[in-house]
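Residues per chain are reported as follows:
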Amino acid sequence: MNINDPFGRMDARQERDYQSLRHALQQAGLSDPRQAAAQLDKIRKRGIIGVCVTIPLTLILMLLIPEARVVFIALGALLVLWIINATRKGQLYLQRYINEELTPARAHDDTPPTP
């Protein structure tokens with residue numbers, strides 16, 4: 001039993017999210033590990049661009065409207081954290097897809113690896 005998730009709700013939600021992404025990737029025809037690696041790189045670059053746009057925009061808004069500085073700091077920080085979290089989850093799910101579906105040695109092998 002996980003003390004942070006005693007009823008397994010977060011694990012079930014993450015599994016649903018992964019299965020949804022897996023289905024979408026299969027529908028899109030992503031079957032080449034090189035394409036998937038390129039997608040991983042795109043996810044990382046988009047995350048970096050998102051953070052690099054959000055921080056200066058927040059600073060500019062803080063300078064233009066100093067009365068709402070606290071609001072802009074809070075919203076900017078929240079947006080940066082959301083971008084980082086979404087990017088991280090996307091990379092983890094895509095890496096799992098690569099490992100489970102696109103790796104030749106394990107793609108057709110249903111037996112778990114021996115330790």
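Note: the structure precedes this text.
Computed from a predicted model, the values in this text were never measured in an experiment.

Cut-offs used in this document
Just so you know, the residues in each chain are numbered from 1, in the order the chain's sequence is written. Local features are withheld for residues below a pLDDT of 70 in this predicted model, meaning they are given only at 70 or higher, and side-chain atom pairs are given and counted only at 80 or more; totals for whole chains, interfaces and linings count all residues. The basis for the side-chain values is all heavy atoms of the structure; hydrogens and waters are excluded. Each helix corresponds to a stretch of at least 4 residues labelled H or I by DSSP, and each strand to a stretch of at least 2 residues labelled E; elements are numbered beginning at the N terminus. A simple rule labels every residue: compare its accessible area, found with a 1.4 Å probe on the protein chains alone, to the largest value its type can have, and call it buried under 20%, exposed over 50%, or partly exposed in between. When checking whether two residues touch, look at their non-hydrogen atoms; a contact exists if any pair is within 4.5 Å. Note that accessible areas follow from Shrake-Rupley with a 1.4 Å probe, and for residues the cover is restricted to the protein chains shown. By the criterion applied in these results, polar contacts are pairs of N or O atoms within 3.5 Å in which, for protein atoms, one can donate a hydrogen and the other can accept it, and in which residues neighboring in sequence qualify only through two side-chain atoms. A helix is expected to span 1.5 Å multiplied by its residue count minus one. By definition here, a salt bridge exists when the distance from a side-chain nitrogen of Lys or Arg to a carboxyl oxygen of Asp or Glu is within 4 Å. The set of buried Ala, Val, Leu, Ile, Met, Phe, Trp, Tyr and Cys residues whose side-chain atoms join them within 4.5 Å is what this entry labels a nonpolar core. With axes taken as lines fitted to C-alpha atoms, and helix axes fitted only over the stretch in contact, angles between N-to-C directions fall between 0 and 180 degrees. Roughly parallel refers to an angle under 35 degrees, roughly antiparallel to one over 145, roughly perpendicular to one between 65 and 115, and oblique to any angle outside these ranges.

Draft legend 1. Broad picture of the overall build of the protein chain. Scanning the protein chain from N- to C-terminus turns up four helices and zero strands. For the protein chain, the N- to C-terminal ordering of α and β elements is α-α-α-α. Within the span of the protein chain, comprising 115 residues, buried residues form 20% of the whole. Intrachain contacts of the protein chain at a sequence separation of at least 6 include 74% that bridge at least 24 residues. Accessible surface computed for the protein chain: about 8,800 Å², of which carbon and sulfur atoms make up 63%.

Draft legend 2. Summary view of the side chain of Thr 54. Assignment of secondary structure puts Thr 54 in helix H2 (residues 33-64). One polar contact links the side chain of Thr 54 to the main-chain carbonyl oxygen of Gly 50, over a distance of 2.7 Å. Ignoring any residue separated from it by four or fewer positions in sequence, one finds Thr 54 in contact with Gly 76, Leu 79, Val 80 and Ile 83.

Draft legend 3. A look at helix H1 (residues 9-28). Helix length check: H1, at 20 residues, gives a terminal C-alpha distance of 29 Å against a target of 28 Å (1.5 Å per residue), a fit within 8%. Backbone geometry just downstream of H1 places Gly 29 in the positive-phi region, at approximately 80 degrees.

Draft legend 4. Focus on the pattern of salt bridges. Across all of its chains, the model carries six salt bridges by this definition. Between Asp 32 and Arg 34 there is a salt bridge whose closest N-O contact spans 3.4 Å. Among the residues examined, Arg 34 registers a relative accessible area of 67% and is labelled exposed.

Draft legend 5. Structural context of the nonpolar core. With ten residues, the main nonpolar core is built from Tyr 18, Leu 25, Leu 30, Ala 36, Leu 40, Tyr 93, Leu 94, Tyr 97, Ile 98 and Leu 102. Among the secondary structure elements, those contributing two or more residues to this core are H1, H2 and helix H3 (69-102). Considering every element that reaches this core, the biggest residue donor is H3, with five residues. Those residues in contact with Leu 94, other than ones at most four positions away along the chain, are Leu 21, Leu 25, Leu 30, Ala 36, Gln 39, Leu 40 and Ile 43.

Draft legend 6. Just H2, in detail. Between its terminal C-alpha atoms H2 stretches 47 Å, which fits the 46 Å expected from 32 residues at 1.5 Å a residue. For H2, the complete set of buried residues consists of Ala 36, Leu 40, Gly 47, Gly 50, Val 51, Thr 54, Thr 58 and Met 62. Packed against the buried residues of H2 are H3.

Draft legend 7. The arrangement of the packing of H2 against H3 in detail. Taken N-terminus to C-terminus, the directions of H2 and H3 make an angle of 175 degrees; their axes are 9 Å apart at the nearest point. In terms of orientation, H2 and H3 fall into the roughly antiparallel class.

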